[in-house]
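An overview of the molecular structure
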Amino acid sequence: MLTQTKTINFLLQLLLVIVLCSIFLYGVCVAGLVFKEPDICFLLAMGRWIFENGVVPTQDPFSYTQAHLTSAKPYVVYQWLYEVICYGIVKVAGGTGLLVLSAGILIFSFFVVPMRAFARAGNRGCFALLVSMLVLFSSLSHISVRPELFSFLFLAIILDQLSRLKSEENKASDEHKVDRTFVFICVTIACLWANIHVLFVLLFALLIFLLSVQIFAKLFLGAKLAKNFYTILLATLLSFFATLLNPYGFTIWNHTIRIILDPINKTINELFPLGAEAWQSPVYYPFLLLSIIALIALVKTFRSGITGANDFFFRFLIPIFIGLAFQSRRLVPISVLILAVSLASGSMLQSNSNEGESFFSKFNARLSTAFNSLSPIWASAMIFLAGLGAYLTSVYIMPPSIPQGSAAFSVPAGAIKYIASNPLSGRLLNDAHYGAVLIWQLVPSPKIFVDPRYFLYDTKHMSDYWDMVLARNSWQNLLKEYRIDCIFLPANTPLVKTLSTHPDWQILYKDDTAAILKLRNVR
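Here's what I pulled together on the structure shown here.

Basis of the calculations
Residues numbered from 1 in each chain as written. Predicted model: local features only at pLDDT ≥ 70, side-chain atom pairs only at ≥ 80, totals over all residues. Heavy atoms only, no water. Helix = DSSP H or I, 4+ residues; strand = E, 2+ residues; numbered from the N terminus. Rg over C-alpha atoms; globule rule 2.2 N^0.38 Å. Buried < 20%, exposed > 50% of the residue type's maximum accessible area, 1.4 Å probe, protein only. Contact = heavy atoms within 4.5 Å. Areas by Shrake-Rupley, 256 points an atom, 1.4 Å probe, with all protein chains shown as cover. Lys, Arg positive; Asp, Glu negative; His and termini not counted. Charge placed at Lys NZ, Arg CZ, Asp CG, Glu CD. Patch = residues over 30% accessible without salt bridge, like charges linked within 9 Å, V, L, I, M, F, W, Y side chains within 5 Å. Salt bridge = Lys/Arg side-chain N within 4 Å of Asp/Glu carboxyl O. Disulfide = S-S within 2.5 Å. Pairing = 2+ DSSP bridges. Core = buried A, V, L, I, M, F, W, Y, C linked by side-chain atoms within 4.5 Å. Axes fitted to C-alpha atoms, helices over the stretch in contact; angles between N-to-C directions. Expected span 1.5 Å × (residues − 1). Phe/Tyr/Trp six-rings, centres within 6.5 Å; stacked < 30°, edge-to-face > 60°.

1. A word on the overall build of the protein chain
- From N to C terminus, the protein chain includes 20 helices and 4 strands.
- For the protein chain, the C-alpha radius of gyration of 26 Å lies close to 24 Å, the compact-globule estimate for 523 residues.
- Projected onto its principal axes, the C-alpha positions of the protein chain cover 85 × 55 × 45 Å.
- Per-residue burial for the protein chain yields a buried fraction of 53% across its 523 residues.
- Expressed as a percentage of contacts within the protein chain between residues at least 6 apart in sequence, the contacts between residues at least 24 apart total 74%.
- Roughly 23,200 Å² of accessible area belongs to the protein chain as shown, and the carbon and sulfur atoms make up 63% of that amount.
- Between the averaged position of the 39 positive side-chain charges in the protein chain and that of its 28 negative side-chain charges there is a distance of 4 Å.

2. Thoughts on a nonpolar patch on the surface
- A cluster of nonpolar side chains, namely Phe10, Leu11, Leu14, Ile18 and Phe359, defines an oily patch on the protein surface of about 440 Å² accessible area.
- Of the residues forming the nonpolar patch, the biggest block, 4 residues, is contributed by helix H1 (residues 2-33).
- With respect to the helices and strands, the residue Leu14 is situated in helix H1.

3. Notes on the state of the cysteines
- Under the counting rule described, the total for this entry stands at 0 disulfides.
- Free of any disulfide, Cys86 has its nearest cysteine sulfur in Cys41, 12 Å distant.

4. Description of the pairing of strand S4 (residues 514-519)
- In terms of burial, S4 is a largely internal element, 5 of the 6 residues being buried.
- Relative to S4, strand S3 (residues 505-510) runs antiparallel, the two being bridged by 5 bridges. By the bridge assignment for S4, Tyr509 is matched with Ile516.
- Between S3 and the antiparallel strand that follows it, S4, lie 3 residues.

5. Looking at the nonpolar core
- By size, the foremost hydrophobic cluster in this structure holds 173 residues, and its most contacted members are Phe111, Ile484 and Phe488.
- Per element, the largest residue contribution to this core is 20 residues, and it comes from helix H3 (residues 80-120).
- Look past the residues within four positions of Phe111 in its chain and what remains in contact with it is Val19, Ile23, Leu106, Leu129, Ser132, Met133, Leu136, Trp378 and Met382.

6. A few points about the sheet that holds S4
- If you trace the 4 strands from one edge of the open sheet to the other, you get S1-S2-S4-S3, paired in mixed fashion. The sheet terminates laterally at strand S1 (427-430) and S3, the two strands that pair on one side only. On average, adjacent strands in this sheet sit at an angle of 20° to one another, irrespective of strand direction.
- Relative to strand S2 (residues 484-490), S1 runs parallel, the two sharing 4 bridges. Its bridge partner lying in S2, Asn430 is registered against Phe488.
- Against the sheet, helix H17 (residues 432-441) contacts S1, S2 and S4, and its axis sits at roughly 100° relative to S2.

7. A few points about helix H2 (residues 39-53)
- Over its 15 residues, H2 extends 22 Å from the first C-alpha to the last, a length consistent with the 21 Å expected when each residue adds 1.5 Å.
- Of the residues making up H2, those classed as buried are Asp39, Ile40, Cys41, Phe42, Leu43, Leu44, Ala45, Met46, Gly47, Arg48 and Ile50.
- Of the surrounding elements, those touching the buried residues of H2 are H3 and H17.
- One or two residues past the end of H2 sits Gly54, with phi positive at roughly 75°.

8. Quick word on the packing of aromatic side chains
- Tallied over the full model, the rule gives 27 aromatic pairs.
- Between Phe111 and Trp378, the aromatic rings sit 5.9 Å apart at their centres with planes inclined by 35°, giving tilted as the arrangement. Placement of Phe111 in helix H3 and of Trp378 in helix H15 (residues 376-397) is noted, with a sequence separation of 267 residues between them.
- Given the relative accessible area of 10%, Trp378 is considered buried.
- Ring centres of Tyr434 and Phe488 lie 4.8 Å apart, and the angle between their planes is 35°; this geometry places the pair in the tilted category. Within this pair, whereas Tyr434 is found in helix H17, its partner Phe488 is found in strand S2, the two being separated by 54 residues in sequence.
- By relative accessible area, which is 3% here, Tyr434 ends up buried.
- In this structure an aromatic cluster arises from ring pairing among Phe200, Phe204, Phe240, Phe241, Phe250 and Trp253.

9. So, the pattern of salt bridges
- A complete count under the given rule lists 14 salt bridges for this structure.
- A salt bridge links Arg116 to Asp160; the shortest N-O distance between them is 3.0 Å. One end of the pair, Arg116, is in helix H3; the other, Asp160, is in helix H5 (residues 148-167), with 44 residues separating them in the sequence. With respect to class, Arg116 is no different from Asp160; both count as buried.
- The salt bridge involving Arg453 is made with Asp451; its shortest N-O contact spans 2.6 Å. Neither residue differs from the other here; Arg453 and Asp451 are each classed as buried.

Worth remembering: the numbers are spatial, not functional.
Structure representation (structure tokens):
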């Protein structure tokens, strides 16, 4: 018995060290990865513009092309609040502050909340830890400091509250008493989310689906109306009105739907379906494993049947969001978060409160005690540890620069420095990512042709852009049509190679990364 106790203690200590190191290293990964995307540049540039001018712009202040598109898209700065928040943090605490905040939000969303959901369901042991770690590792497939960061946070909070309502449904209380805390949280999040990211519609997708399931169970299965029905109904209605508290009113809904259905989505790599690369890239392995676990658990529950509408809600979310993740790889982090909470809250697992006297049962019981997942102190410790990893990395190992270079993107630092000293005149054709760097690093910056805010532009504009950059089809006519005077593109692009020897164009700057060319005798 004494030997078994020592073994359990040793394994428990080893596991705790592994988990805590993983949390710390996750913060390190956040610090090393999230600034590698140049998208952060246009977010900060817009945040700075709003901060300095005190208003949300009604016309794009950076591009000379957006206002003249034939599609006449309305100009909506739909994530203005996130941009102001990001810029404010960078202004006060630098890039390090933004990295620490990102690490804290991500660890709360992808580790703390799943662990809390399992704890409420009576599962605090090895399985809860395994699933939560898979969720955490799956989030590495798409971590960034884009507005999705707050979508992850808001979704995690809503799921945490839904799991709380589910855990309280069997408690003796007034059957249809409205949970004011849940309603308040939903309304507050809806108001903020609608000003931060288009995924605020996910809140309504979840709430309306839950209401639909409860109504169906009442009308067709003879079930009693769920205790939380009126809570969910009131939260849905009030949250809708809360979304209207934005600079555009109801237009934000129209704009969000247009973004979701925009044909330009088919040209964005990170929105592509998850195909064979899911089995070839290790970054997707945690998602695949978690999907298999969730589907196996779901199949096993078919034998026991569905005990209530809320169980059906959580269980049905599993195939829906596995399918959505395969439909768009960018949804993998959101999907795994929903999978974990659904596994915990869908009555698919037995509580481990009374597991017997086996070695594994005793180890599981000790592990459950060690991870008091519902404790605010425990949650704060996890957030602090991840934030510490991000802080130490950014201060002592990799000081943050916005943006950082990567294998996929080389920062045109030399070319930017040249433009700062020699301002360009005339109309500029620029690489999209270079455009983002320009509008952040140079004040004032040259007016740009395009940047990664692809939803501002239409498919014809982007098609013309690629025809010019790749020097294909009628690229020469397009240069004249858009009256292009200057070119700022990667040095190895076909257009740069073609025009470098053209007598009408002169090279102003060129290095291994980027090139700047100018039309002779600019109009």
